[in-house]
Amino acid sequence: QVHLVESGGGLVQAGDSLRVSCAASGGSFSNYPMAWFRQAPGQEREFVATIDRSGRYTNYADSVKGRFTVSRDSAKNTVSLQMNALKPSDTAVYYCAVTNYYRVFYSVHDVVYWGQGTQVTVSS
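Here the structure is a predicted model, which means the values were calculated and not measured.

Rules used in this analysis
Residues numbered from 1 in each chain as written. Predicted model: local features only at pLDDT ≥ 70, side-chain atom pairs only at ≥ 80, totals over all residues. Heavy atoms only, no water. Salt bridge = Lys/Arg side-chain N within 4 Å of Asp/Glu carboxyl O. Helix = DSSP H or I, 4+ residues; strand = E, 2+ residues; numbered from the N terminus. Buried < 20%, exposed > 50% of the residue type's maximum accessible area, 1.4 Å probe, protein only. Core = buried A, V, L, I, M, F, W, Y, C linked by side-chain atoms within 4.5 Å. Contact = heavy atoms within 4.5 Å. Pairing = 2+ DSSP bridges. Axes fitted to C-alpha atoms, helices over the stretch in contact; angles between N-to-C directions.

Considerations on the pattern of salt bridges
The final tally for this structure, using the stated rule, is five salt bridges. Residue Arg67 is joined to Asp90 by a salt bridge in which the shortest nitrogen-to-oxygen separation is 2.8 Å. Within this pair, whereas Arg67 is found in the loop between strand 6 (58–60) and strand 7 (68–73), its partner Asp90 is found in the loop between strand 8 (78–83) and strand 9 (92–99), the two being separated by 23 residues in sequence. By relative accessible area, which is 1% here, Asp90 ends up buried. Here Arg103 ties to Asp110 by a salt bridge, and the two come within 3.7 Å at their closest N and O atoms. Residue class for Arg103 comes out partly exposed when judged on its relative accessible area of 40%.

A word on the nonpolar core
Residues Trp36, Phe68, Val79, Leu81, Met83 and Tyr94 are the most contacted members of the largest nonpolar core, which totals 34 residues. Looking at this core, the elements that each hand over two or more residues are strand 3 (18–25), strand 4 (34–39), strand 5 (46–51), strand 7, strand 8, strand 9 and strand 11 (118–123). The dominant element in this core, judged by the number of residues it contributes, is strand 9, at five residues. Beyond its immediate stretch of four places on either side in the chain, Met83 contacts Asp16, Ser17, Leu18, Val20, Arg67, Phe68, Tyr94 and Val120.

Brief notes about the sheet that holds strand 7
The strands making up a sheet associate through hydrogen bonds between their backbones, and the pairing can be parallel or antiparallel. Spatially, 1-3-8-7 is the arrangement adopted by the four strands of the open sheet, whose pairing is antiparallel. Among the strands making up the open sheet, the edge pair consists of strand 1 (3–7) and strand 7. Neighbouring strand axes in the sheet, compared pairwise and without regard to direction, differ in orientation by 15 degrees on average. Where strand 3 and strand 8 come together, six bridges link them in antiparallel fashion. Directly across from Leu18, in strand 8, lies its bridge partner Met83.

Section: the environment of Arg56
Its location among the elements puts Arg56 in the loop between strand 5 and strand 6. A residue is classified by how much of its surface remains accessible, and Arg56, at 75% relative accessible area, is exposed. For the pair Arg56 and Ser71, spaced 15 residues apart in the sequence, the C-alpha separation amounts to 8.7 Å.

Here you go:
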């Protein structure tokens, strides 16, 4: 069973940068695409970014495109999300997720394992 642990969340001001990471254990992490989702209070969990097994293909939600960058280090079993030019609307709990499909994914319904989440708060 894959175990995912996020870290790096915190409180920042609008325009600042923050990097959140996810450490995976207990499975063949490098064989599967990964993704980041987020959930703001009172909102549904939404897709943020996805990365394929090789790390060469990535895709992003329109709301973060050009500001966020997802990457992975399969040797260290980690996936990270670099967030720049943060906005108050980026405030949410950020979750990393893994699928058992061999393709990138965008839906919560494709997730088989979730991390516990890390809070990111952006003040105006």
